[in-house]
Amino acid sequence: NAVIDGERFAVFASLLGGAAYPQAALEKAWVQLAYGAHHDAITGSESDQVYLDLLTGWRDAWELGRAARDNALAVISGAVEGSGVGWNTLTHKRTDVVPARLDEPLGDGVRVLDVDGNEVPAVVEHGGRSVTWLARDVPSLGWRVYHLTPGPASAGWEALDGNNITEISNERYRLRIDPARGGAVSSLTDDGRELLADGEGGNELAVYDEYPAHPDAGEGPWHLLPKGPVVVSSSAPAESVQCCRSPVGERVVVRGRIGSVLRYTQTLTLWRGISRVDCSTTIDEFTGEDKLLRLRWPCPVPGALPVSEVGDAVI
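In this report, the structure presented in the accompanying data block is examined. Counting restarts for each chain: residues are numbered from 1 in the order of the written sequence. Only residues with pLDDT of at least 70 get local features here, since the model is predicted, and only at 80 or more are side-chain atom pairs given and counted; chain-wide, interface and lining totals rely on the full set of residues. Each side-chain value is derived from all of the structure's non-hydrogen atoms; neither hydrogens nor water enter the calculation.

By the criteria applied, helices consist of DSSP H or I runs no shorter than four residues and strands consist of E runs no shorter than two, each listed in order from the N terminus. The residue Glu-194 is located in strand β12 (residues 193-194) in this model. Buried, partly exposed and exposed residues are distinguished by accessible area as a fraction of the type maximum, computed with a 1.4 Å probe on protein chains only: under 20%, between the cut-offs, and over 50%, respectively. A relative accessible area of 32% means that Glu-194 is categorised as partly exposed. Sequence separation between Glu-194 and Pro-300 is 106 residues; the distance between their C-alpha atoms is 8.9 Å. In this structure, Glu-194 is in contact with Ser-187, Leu-188, Thr-189 and Pro-300, ignoring residues within four places of it in sequence. Two N or O atoms form a polar contact when they lie within 3.5 Å of each other; inside protein one atom must be a possible hydrogen donor and the other a possible acceptor, and for residues adjacent in sequence the pair counts only when both atoms belong to side chains. Within the structure, Glu-194 has its side chain in polar contact with the side chain of Ser-187 (distance 2.7 Å). Here Leu-188 takes part through its backbone nitrogen, which lies 3.0 Å from a polar atom of the side chain of Glu-194. What makes two residues a contact is simply this: any of their non-hydrogen atoms within 4.5 Å.

Time to look at the pattern of salt bridges. One side-chain nitrogen of Lys or Arg within 4 Å of one carboxyl oxygen of Asp or Glu is enough to make a salt bridge. For the structure on display, the rule yields 18 salt bridges. Here Arg-296 makes a salt bridge to Glu-204, at a shortest N to O gap of 2.7 Å. Remark: Glu-204 occurs in strand β13 (residues 204-210) and Arg-296 occurs in strand β19 (residues 291-296); sequence separation between them is 92 residues. Here Arg-296 falls in the partly exposed class, since its relative accessible area comes to 29%.

Okay, the pairing of strand β6 (residues 130-138) next. For β6, the buried fraction is high: seven of the nine residues fall into the buried class. The pairing criterion for strands is at least two bridges between them, as found by DSSP. As defined by bridge partners, strand β2 (residues 94-101) adjoins β6 across seven bridges and the pair is classed as antiparallel. Bridging from a neighbouring strand, Ala-100 pairs with Val-131 of β6. Linking two consecutive strands that pair antiparallel, namely strand β5 (residues 122-125) and β6, is a turn of four residues; a positive phi of about 55 degrees is found at His-126 within it.

This paragraph deals with the pairing of β13. The buried fraction of β13 amounts to six of the seven residues, a majority that puts the element mostly inside the structure. One ladder, built from six bridges, connects β13 with β19; its direction is antiparallel. Paired with Ala-206 across the two strands is Arg-294, which belongs to β19. Where β13 lies against strand β14 (residues 226-232), four bridges are found, and the strand directions are antiparallel. Residue Tyr-208 lies in a different strand from β14, and its bridge partner there is Val-230.

Now the structure itself:
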């Protein structure tokens, strides 16, 4: 995605005469991506060794694509009047959140105004260095202009009082957390329709022991063949669950531990006006080795028959 975006916007930047088209960088990026497209890589079901061998090539391609994209957008943005520009890299119009990183904060607060001078709801974080707002209907391969100005103290993520608040929602989704089960998602509804399998927890972490070597081929630790013993995040209560609200949405932050192996932080966000659930998981501490880590969302599919199942995961 970064390489394709870099290609698209580099064309416009070169047509404006502000930058030469980065042909050599993009050619190298595509060579790296083509090299990493064999059967063990493209499916994501690779072993430790394959993953580590390919990681540097993927990193190189990502950095080349990101540099081409960012340099091109810097040139194009210079031709657009406005202190904040939301760019859409897709080939259809898009409504999404725009995060802006400021080198220097504008003051105690920041106001975000659209091109007509209307104030747009925004959340300000990190001492005024980060501002996030919702950009609506940004055209295909186009932009929306916004003006960031100093203003009264801006709202951040406000923690909701009370230990019993374990639910967040937006216009489409309603998400509920179970603190007694490691902060797993106990319910996720889409316009009232439950998306999780009955009695199962979503966003659940599972840690499996791995073989020290492939039991048949002897090729070293192998992600497709865990030994079997498993410890899950839902087996113990979460250390903390905190729901928050801001002008642009709601989120819940879960912190927990899986035995003595690892600690984790999970953040789930529902943005206002966006039909998407944003999830991130950070492993804060890890003390094991030869472990397979999976994150599970058990979804009910009525009438479906499982014919193949692969334990994709990360190191």
